[in-house]
Amino acid sequence: MIVASPKPVTELKEIVAAHDKILFVGCGTCVTVCLAGGEREVGIYSYAMRMARRLAGRPIDIEQVTIERQCENEFIKDLAPAVERNQAVLSFACGAGVQALAERFLNRPVYAALNTQFLGILEDQAVWTEKCLGCGDCMLAQFGGICPVTRCAKRLLNGPCGGSTEECCEIDKDRPCAWQVIYKRLKGIGQLDRLEQIVPPKDWRPAWHGGARKIIRQEHRV
Amino acid sequence: MTAAHTQPGASAANKGAWEPEIIAFCCNYCAYAAADLAGAQRMQYPPNVRVVHSPCTGKIEMEHILAALEKGIDGVLVAGCLEGGCHFIEGNLRAKHRVEHIRGILDEIGIGADRLRMVNLSAAMAPTFVERVREIVDTVTNLGPNPLKESAQQGVVSK
Amino acid sequence: MCTLSPKLVECARNKNIDIITLADVEGISGEPGNFQVAISRRPRYVEARKCNTCGDCVEACPVSLPNEFDRAIGTRKAIFRPYPQAIPNLYGISKAGSPAPCKAACPAGVNAQGYVALIAQGEFKEAYDLIFERCPLPAVCGRVCQHPCQSECNRKDIDEGVSVRDLKRFAADYVYAHRDEFKGAPAAPAEQQKEKVAVIGGGPAGLTAAVDLRRMGYAVTVFEARPLMGGMLRYGIPRYRLAAEVLDQEIKNILDLGIEARTGSRVEKSETLLKPKTNGGSAGGEKFDAVFVAIGAWTTKKLGIPGEDAPQVLPGLKFLHDVNVGGKPAIGPNVLVIGGGDVAVDAARCARRLSGVKAVRLASLEKPGEMPAHSSEAAEALEEGVEFHNGWGPTKVLTDGGTVTGVEFRACTRVFDENRCFSPQFDDAKTTTVRADTVIVTIGQGIDTSTLGTVTTGPGGRVAADKETLATSIAGIFAGGDVVRPSDNQHPKSIALVQCVGSRDTARNAGYCSSICCMSATKEAMVALEHAPGAEISIFCMDIRAFGKEFDQYVNRARDEHKVKYIRAMPSRLVEIPGSKNLRVRYFDENGEEQQKEFDLVVLSVGLRPSAGVRETAERLGLALNEFGFCRTDRLAPVATSRPGIYVAGAFQEPKDIPESVAQASGAAACAMEQLASVRGNLIQRRDYPWERDVTDEDPRRCVACATCVKVCPYGAPMINDLQKAEIQGAKCMGCGSCVAVCPRRAITLRHQEDAQVLAMLDELLVADGGL
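Criteria and cut-off values
- Residues numbered from 1 in each chain as written.
- Chains lettered and ligands numbered in written order.
- Predicted model: local features only at pLDDT ≥ 70, side-chain atom pairs only at ≥ 80, totals over all residues.
- Helix = DSSP H or I, 4+ residues; strand = E, 2+ residues; numbered from the N terminus.
- Buried ≥ 20, exposed ≤ 12 C-beta atoms within 10 Å, placed from the backbone.
- Contact = placed C-beta atoms within 7 Å.
- Nonpolar A, V, L, I, M, F, W, Y, C, P; charged D, E, K, R; others polar.
- Core = buried A, V, L, I, M, F, W, Y, C linked by C-beta atoms within 7 Å.
- pLDDT = per-residue confidence, 0-100.
- Pairing = 2+ DSSP bridges.
- Right-handed = clockwise from strand over helix to strand, strands pointing away.
- Axes fitted to C-alpha atoms, helices over the stretch in contact; angles between N-to-C directions.
- Arc of directions from axis to C-beta.

Moving on: the overall build of chain B. When helices and strands are tallied, chain B shows five helices and four strands. Counting helices and strands in the order they occur from the N terminus, chain B gives α-β-α-β-α-β-α-β-α. Classification of the 159 residues of chain B by burial places 52% in the buried group. For chain B, contacts bridging at least 24 residues in sequence account for 77% of all contacts bridging at least 6.

See below:
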């Protein structure tokens, strides 16, 4: 899932400062699940924004709506009348959703309310961790399902660095050393021999280094 | 009892007839029972508080606290069971964190965190309930009216 | 109120409870499980079905009355709701013995506002009938009545009173003119009585009495000394004011009801008409069961001054009589009428109409505005050339050889004293003489002064006493947030409350405990301290019975924190100390020593007594009372009365406070239900709740299956179902709402705590209090 976190109210205030009639759009998919941009957050930030603006002597009129997925045109298109009614849109989606709206509604500014963080999972209630970098060339099979590209601070592919202490990363004492996790995992599934193989330097071409990526799959094209 | 408390607006003489309005979200098992007991014991406390009954402080939605303040309530008291004593195990702990979060937002937007407070008490702690009510009434009295009150709309609202 | 109101609301909203207000239970018959209750209901004067309690009527109502709910400290309007939480929440009008001012002013009690309203609606015959109910002479009264109704009419505050008299005349004239359309005289008596009644006197009083008696079914015979019926109407009132045809018409109407009239038959002694009490009395003449004497007041008062016996001095009534029977009284060209009343004006105007009369003068004690004569009559007399001499009292009739030449007057300085009582004063130094050859004396008619004596109003004493009572009735109540002594409005510094006054006192047949006074006195003490900080309060008591939940703590708080003194003693005597008006309380302390203590104010906790109507109610319902006058119950069945199937609750049984009454009422209701157990569920209405939708098997559409709810629930009630959506398992859910507050899609709701409900509650708290 895409994990995002809300921007501080102060920042949002500045972002929408120029408008006094605005549409807050929540997204019902990833950011709802990661408790950052669902109906509830849209509600809370609407209250906060309205109060902040009233205190500043410039009341703002906020319309709230949460759609199923902001990255899907089928859902976005229904927003058109609401967008038309307002001066601008504050999107509570991930960066993809924000851009989807921006590209669809050409004559209205679309702002992001969230900081889109990473692809990750819910580790514990309200604790999210990054698990995938989206490098475009997945190597998880080799590492017992634990991604050193994402979870090793140095992205080492052939074992831990010398800084790993007490199973923890030298960058962050609270973060487990990815290679420690990989070792335990491979030991558990009886594949320690994989560690014997030398992994060649990673091909980063499928990753974002070449600019925004695009995938076309003809079998699904209509 | 203490005459000063029967007239909470007295210390804010320059604010004329203003009396703080406080909403107390009370959980069913402790705080509401404590408030009830305070009444049964005929204890006197400021009449500025209006109790909203909730099954558990863990049910109190953040929007509702914000809504109360936006509607012009001068202060909000979230009253739950003692920590560790929640009938629903940790509803009050969740409420505590939510209250902290909203206090942060209130500071950010300029209303001030002090208008919102969470207290913990058991069903038997009627005097504590009374004391906490007095405290928030005093605090809010000193803060003055909620700047979002309709009547405070005109002119520049400073904080 | 805080205990009572919710109960009232609950009762009112229950579809199976009928609240019958303004009702008296007249009696109960039947046996347990099958009672018949006779109820008499008083009118509300407001249509309950239409009243939506908007309160506009209160704004419009001009009549303010003491508000019983505020112990008469404040006022309410005549159209009112007893208190804001009243159930049923409807307005009613109190007609507390005060009819419309016009009706109240009418000596005959004619429903003036009623017939005016009927005439306004074009119901002329109905208007006539309504008048006839109380006054059998509508056309006559429509002409000559002094119409106090018009003078009292509320409308005069705006412009002038409604012309009630002329409307009455119109109704009567219209009905007489259209006699053919209105067939059928007023209803004949319902039932004939065998008794016969004689009425002596055919004037307005006699005729009215005759009609009333006839309508009640008695045979009535009217004896009239003069040749024609009508009395003063015929022989006193001048023809120009009341034409004979009108009078004849109305007398005919009355006699047509079946009343026998014997004119020209003077009854010398009324007793002779009565049937003898024992059989075989005097046989001569017709005999009656009752006699009504209505012989009028035909004698003219005398002036009591020298020269009055001269033949040219005429009694006013005799003069009018002579004019009315068509004779020409022997009067000279210069007529002087003495008197300021209507009769005086009538006499003056009659004299003015007689040929040969050159000048008519009228002399009265009163100044022009004070004359008791009707102002319009006086004005017309003035127009007709009657000369007024106001403010003069006669001292002597001047005669020359037995012939009147004039009357000597002295100035009258005042007619009425400060209490509006007739008490003239004169200035002997200022005199005048009015020339006259005929004097007509009209200073009042023969009235038995001994009967008048009883209706003399005292010098305002009564009213003052009322005011005094009103003042004392609000004694001891904190007016304007102050504790004041009712006698002199001083702020008391020391207050004593004396308990068990008239209760727990076998010497006064009140051996029972009044039950509420201990806590009331304690509360009063605390409240008094709030309003009068620093006051010293002592409560004299045998003991303190604080037996309710937490009551003892309250008493302890009063004693320990607020320093209310509880003195165990029964005061034997209260003495007012002259000068300071303080009260000395004498009592024996716990050691038997006599003590005395001075207080600024003493409040007696008078024990509750059965209310005034209890005995009557109990008799009507057939319930036995105990020796104190409360409802008798058995110790082991405290809600059962002496009559099976009738149960008691509240202070009718014995003094008790509200919570106890409520508890007892629950018990009484349970006992009543026991009687009805076998037919439970019959004849009841059920409340229709909004249609509910079972969503157990439906796809939860909002849910995004984030499973947050699953993680927060302490009972494991939410689960991700086969459709990969969250679902709350009702059997496990305890309703804490943890999942509701946490759901990012706001897909979960908690019954009675839904978003809209909570927001509405917040709105209400803000709006209902109007900002506290």
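Before going further, it helps to spend a moment on the interface of chain C and chain B. Of the residues lining the interface, 23 residues belong to chain C; the matching set on chain B comes to 27 residues. Breaking the side of chain C that touches chain B down by element, the ones donating at least two residues are helix 18 (551-560), helix 22 (738-742) and helix 23 (755-768) of chain C. For the side of chain C that touches chain B, the leading source of residues is helix 23 of chain C, giving seven residues. Of the residues assigned to the side of chain C that touches chain B, the class counts are 14 nonpolar, six polar and three charged.

This part is about the interface of chain B and chain A. The partner chain A presents 13 residues to the 16 residues of chain B that form the contact. Residue assignment for the side of chain B that touches chain A shows that the elements contributing at least two residues are helix 3 (62-70) and helix 4 (91-109) of chain B. Looking at the side of chain B that touches chain A, the element that brings in the most residues is helix 3 of chain B, giving six residues. Among the residues making up the side of chain B that touches chain A, the classes are represented as 11 nonpolar, one polar and four charged.

Residues and elements named next belong to chain C. Pro88 follows Ile87 through a cis peptide bond whose omega is -5°. Summarising the element assignment, Pro88 is placed in the loop between strand 5 (79-80) and strand 6 (92-93). In this model, Arg504 sits at a positive phi of 50°, which is unusual for a non-glycine residue. By secondary structure assignment, the location of Arg504 is in the loop between strand 19 (494-501) and helix 17 (517-531). Even without a glycine there, the phi angle at Ser515 is positive, about 75°. Examined against the element boundaries, Ser515 turns out to sit in the loop between strand 19 and helix 17. A count of 19 C-beta atoms within 10 Å places Ser515 in the partly exposed class.

Time to look at the nonpolar core. Judged by nonpolar contacts, the single largest core of 117 residues is most densely connected at Val31(A), Ala48(A), Ala31(B), Ala34(B) and Ala79(B). Top contributing element to this core by residue count: helix 3 (residues 39-55) of chain A, with nine residues. In contact with Ala79(B), not counting residues within four places along its chain, are Ala24(B), Phe25(B), Cys26(B), Cys27(B), Ala31(B), Val119(B) and Leu121(B). Listed in part, the 51 residues of the second largest apolar core include Val144(C), Cys145(C), Val197(C) and Leu247(C).

All names here are of chain B. Residues with a pLDDT of 70 or more make up 84% of chain B, whose mean pLDDT is 85. When the criterion is pLDDT under 50, residues 1-15 qualifies, and its contacts beyond four places in sequence or with other chains add up to 24 contacts. Of the regions scoring below 50 in pLDDT, residues 151-159 engages in 12 contacts with residues more than four places distant in sequence or in other chains.

A few words now on the pairing of strand 19 of chain C. Residues and elements named next belong to chain C. Most of strand 19 is tucked away: seven of the eight residues are buried. Across five bridges, strand 19 lies against strand 20 (residues 536-541) in parallel orientation. By the bridge assignment, Val498 is partnered in strand 20 with Phe540. Considered for its hand, the β-α-β crossover made up of strand 19, helix 17 and strand 20 is right-handed. Note: strand 19 against strand 25 (residues 601-606), five bridges, orientation parallel. Directly across from Val501, in strand 25, lies its bridge partner Val606.

Residue and element names in this part refer to chain C. Considering the arrangement of structural elements, one finds Val46 in the loop between strand 2 (34-41) and helix 2 (56-60). Note on Val46: 15 C-beta atoms within 10 Å, which makes it partly exposed. In the structure, Val46 is positioned 45 residues away from Tyr91 in sequence and 6.7 Å away in space, judged by C-alpha atoms. If we ignore the near neighbours within four places in the chain, the residues touching Val46 are Cys51, Leu90, Tyr91, Gly92 and Ile93.

This next bit is on the sheet that holds strand 2 (residues 21-27) of chain A. All names here are of chain A. An order of 3-2-4-5 is seen for the four strands of this open sheet, with the pairing classed as parallel. Of all the strands in the sheet, the pair left with one neighbour each is strand 3 (61-67) and strand 5 (110-112). Averaged over all adjacent pairs, the angle separating strand axes in this sheet is 25°, with direction ignored. The sheet contact formed by strand 4 (residues 88-92) and strand 5 spans three bridges and is parallel. Looking at the pairing, Ser91 lines up with Ala112 of strand 5. Relative to strand 3, helix 3 is tilted by about 170°, and along the sheet it contacts strand 2, strand 3 and strand 4. The sheet strands contacting helix 6 (residues 95-104) are strand 2, strand 4 and strand 5, and the helix crosses strand 5 at an angle near 175°.

Bringing helix 4 (residues 112-120) of chain C into the picture now. All names here are of chain C. The set of residues buried in helix 4 consists of Ala112, Tyr115, Val116 and Leu118. Down the axis of helix 4, the buried side of the element spans an arc of 160°, and every buried residue falls inside it. Lining the buried residues of helix 4 we find helix 3 (101-105), helix 5 (124-134), helix 7 (148-152) and helix 8 (164-177). Immediately downstream of helix 4, the backbone of Gly122 shows phi near 80°, a positive value.

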